[in-house]
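Spelled out, the chains give:
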Amino acid sequence: MASYEKYQQLDRADPLADFRTRFTVPDGKIYLDGNSLGVLPKAAPDMLDRTLRQEWGADLIASWSKNGWFELPATVGDRIAPLIGAGPGEVLACDSTSVNLFKLAAAALRFQNKKGKTVLLTERNNFPTDSYILMGMGDWFSGCETVSASRSELAARITDQTALLSLTHCDYKTGEMHDMAALTRTAQARGAMVLWDLSHSAGALPVDLNGCDADLAVGCGYKYLNGGPGAPAYLFVAKRWQKALQSPLPGWMGHADPLDFGPDYRPAPGIMRFSCGTPGILGLRALEAGVLTFDGVDLKRVREKSMALGDLFLTLVKDRIGFDRLKPACPLNAEMRGSQVSFQHQDAGHIIKRLIAEGVVGDFRPPDVIRFGLTPLYVRYQDIFRAVQVLAKIIDKG
Ligand SMILES: Cc1ncc(COP(=O)(O)O)c(C=O)c1O
């Protein structure tokens, strides 16, 4: 049997195959960049059209109550919750990941400062926005010190002074995952809180925040959740922390009664206290359509397929190109890898340009990494086979 047919047969046997019909995947494109921007859910245009014509166009201001606009950040948050192992009322869809990270890190620091804990610990290779925001915390909290450690040193750098450990669960360049349960336990044993950035995890693999007893989390809506360009992000605050923590941005939408227009701030009792200003309804509706693509999806199956796609990509690169010519930058062990594969090559930037010109979309992360996001709901085995064929042709040509 020809190789291509072999992979088409794998696709026919794939229990997730039908979910691809929920997305608009452009013809002739092999899209391996869902870890940057997820593809358009087929339900999104109708969802937005209804919001525009009926809710905005006809119902106008009444929509804040009639069409649930006030609660929409929490409604969409509740839809995201099962994807990340959170409960109802623990997730809010709002702002950007950067802003949410600031809000939650500042809330945790303020709380922990009262116990004399002043150190914020993160990983040196964290995603830049996380690093910049965490490194800048000292400017707002006197006495706060941010320590950046290498991945292997992290556990050892947690001390009784550690107020907060803030990490990205799945590394944006290498795809390597942290052991969420173990690191959370180690940090909490020293009285530290833990804040996870789930941008490269949510929707791509099962995350069990409450199973890990996690404290706080944030993540992007526009990657594996398919919420569209610049989609609202989300934040998670475990129920047990919601009363004790306060947002550093106490905007009116986080007030217990925003429509009271009172002179003094009174935080909302639950997750809504982490809201700040008026939510962007159009963005939230698009995100809602994105999250609805997971209706009826078994995340265990998503993980199995994601690992199989990654293993296939790596095996084909090894056999067809050779790891000496294209060096893996991701873990070879699927258990340690998120839903992406990445490689190092001195001409990484050129390779990606050529790949995109040939219809295979991945991305480049300086200085020398090429990265392919594997989105199990719409990426097929035959796509991986074709992508590696094109990649091999480009590398063969030099
Ligand atoms: C791990 C991680 N955190 C945060 C962000 C960006 O967050 P924002 O939505 O604030 O741009 C990204 C973007 O790619 C990311 O990969």
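Counting of residues starts from 1 at the beginning of each chain's written sequence and follows it residue by residue. It should be noted that, the model being predicted, local features are given only for residues of pLDDT at least 70 and side-chain atom pairs only at 80 or more, the latter also being counted only at that level, while totals for whole chains, interfaces and linings use all residues. The basis for every side-chain value is the complete set of heavy atoms in the structure, and neither hydrogens nor water enter the calculation.

1. Comments concerning the site of the ligand
Then, in step 1: Whether a residue is near a molecule or strand depends on its heavy atoms: it is near if one of them lies within 4 Å of it. By nearness alone, 13 residues border the ligand, and Ser98, Asp197, His200, Tyr222 and Lys223 come closest of all.
Then, in step 2: Here a polar contact is recorded for every N or O atom pair within 3.5 Å, except that within protein the pair must consist of a potential hydrogen donor and a potential acceptor, and residues adjacent in sequence are included only if both atoms are side-chain atoms. Take serine 98: an N or O atom from its side chain is 2.5 Å from an oxygen atom of the ligand.
Then, in step 3: Relative to its free-state accessible area of 400 Å², the ligand is covered by the protein chains to the extent of 84%.
Then, in step 4: Helix numbers and strand numbers start at the N terminus; a helix is a DSSP run of H or I with at least 4 residues, a strand a run of E with at least 2. Elements with a contribution of two residues or more to the shell around the ligand: helix H5 (97–113) and helix H6 (128–136).
Then, in step 5: Note on residue classes: Ala, Val, Leu, Ile, Met, Phe, Trp, Tyr, Cys and Pro are nonpolar, Asp, Glu, Lys and Arg are charged, and everything else, Gly too, is polar. When grouped by side-chain class, the residues that make up the shell around the ligand number three nonpolar, seven polar and three charged. For the accessible areas, the method is Shrake-Rupley and the probe is 1.4 Å, while residue cover comes only from the protein chains on display.

2. Regarding the sheet that holds strand S11 (residues 327–328)
Across a sheet, strands are paired by hydrogen bonds formed along the backbone, either parallel or antiparallel in direction.
Then, in step 1: Strand order in this open sheet of four strands is S11-S12-S15-S14, and the pairing throughout is antiparallel. Taken across any chain shown, the strands that pair with only one partner, and hence form the sheet edges, are S11 and strand S14 (363–365).
Then, in step 2: Two strands are counted as paired when DSSP detects at least two bridges linking them. As paired strands, S14 and strand S15 (residues 369–373) are joined by three bridges and run antiparallel to one another. Each bridged residue has a counterpart across the sheet, and for arginine 365 the counterpart in S15 is valine 369.
Then, in step 3: Contact between two residues is taken to exist if any of their heavy atoms lie within 4.5 Å; hydrogens are not considered. Working convention: axes come from line fits to C-alpha atoms, limited for helices to the stretch in contact. Angles between N-to-C directions cover 0 to 180 degrees. The strands touched by helix H10 (residues 299–320) are S11, strand S12 (340–344) and S15; relative to S12, the strand with the most contacts, the crossing angle is about 30°.

3. A word on the domain arrangement of the protein
Interface size is commonly expressed as the accessible area that is lost once the parts come together.
Then, in step 1: Domain segmentation is taken from an automatic or database assignment of domains. As assigned here, the protein comprises domain 1 (3–38 + 297–397) and domain 2 (47–292).
Then, in step 2: Spacing between the C-alpha centres of domain 1 and domain 2 amounts to 29 Å.
Then, in step 3: Contacts between domain 1 and domain 2 engage 31 residues on the former and 22 residues on the latter.
Then, in step 4: Approximately 1,900 Å² of surface area, both sides summed, lies buried where domain 1 meets domain 2, with 58% of it carried by carbon and sulfur atoms.
Then, in step 5: Of all residues in domain 1, Asn35, Leu299 and Gln340 bury the most surface against domain 2, accounting for 24% of the area lost on that side.
Then, in step 6: One speaks of a salt bridge when a side-chain nitrogen belonging to Lys or Arg is within 4 Å of a carboxyl oxygen belonging to Asp or Glu. For the interface between domain 1 and domain 2, the tally reads zero salt bridges.
Then, in step 7: Taken together, the connections running from domain 1 to domain 2 amount to eleven residue pairs in polar contact (both at pLDDT 80 or more).
Then, in step 8: Counting only elements with at least two residues in the side of domain 1 that touches domain 2, the list comes to H10, S12 and S15.
Then, in step 9: Counting residues per element, the side of domain 1 that touches domain 2 draws most heavily on H10, at five residues. What gets called buried area is simply the loss in accessible area from a 1.4 Å probe that two parts show on being joined, summed for both.

4. Describing the packing of helix H11 (residues 348–357) against helix H12 (residues 381–397)
Then, in step 1: Two elements in contact, H11 and H12, have axes whose closest approach is 10 Å; the angle formed by their N-to-C orientations is 130°. In terms of orientation, H11 and H12 fall into the oblique class. Here H11 and H12 pass one another in a crossing that is right-handed. Here Ile351, Arg354 and Leu355 of H11 come into contact with H12, specifically with Ala387, Val390, Leu391, Ile394, Ile395 and Lys397.
Then, in step 2: Looking at the contact of H11 with H12, its residues break down into seven nonpolar, no polar and two charged. Roughly parallel refers to an angle under 35 degrees, roughly antiparallel to one over 145, roughly perpendicular to one between 65 and 115, and oblique to any angle outside these ranges. Should the near helix be turned counterclockwise from the far one by less than a right angle, the crossing is left-handed, whereas a clockwise turn marks it as right-handed.

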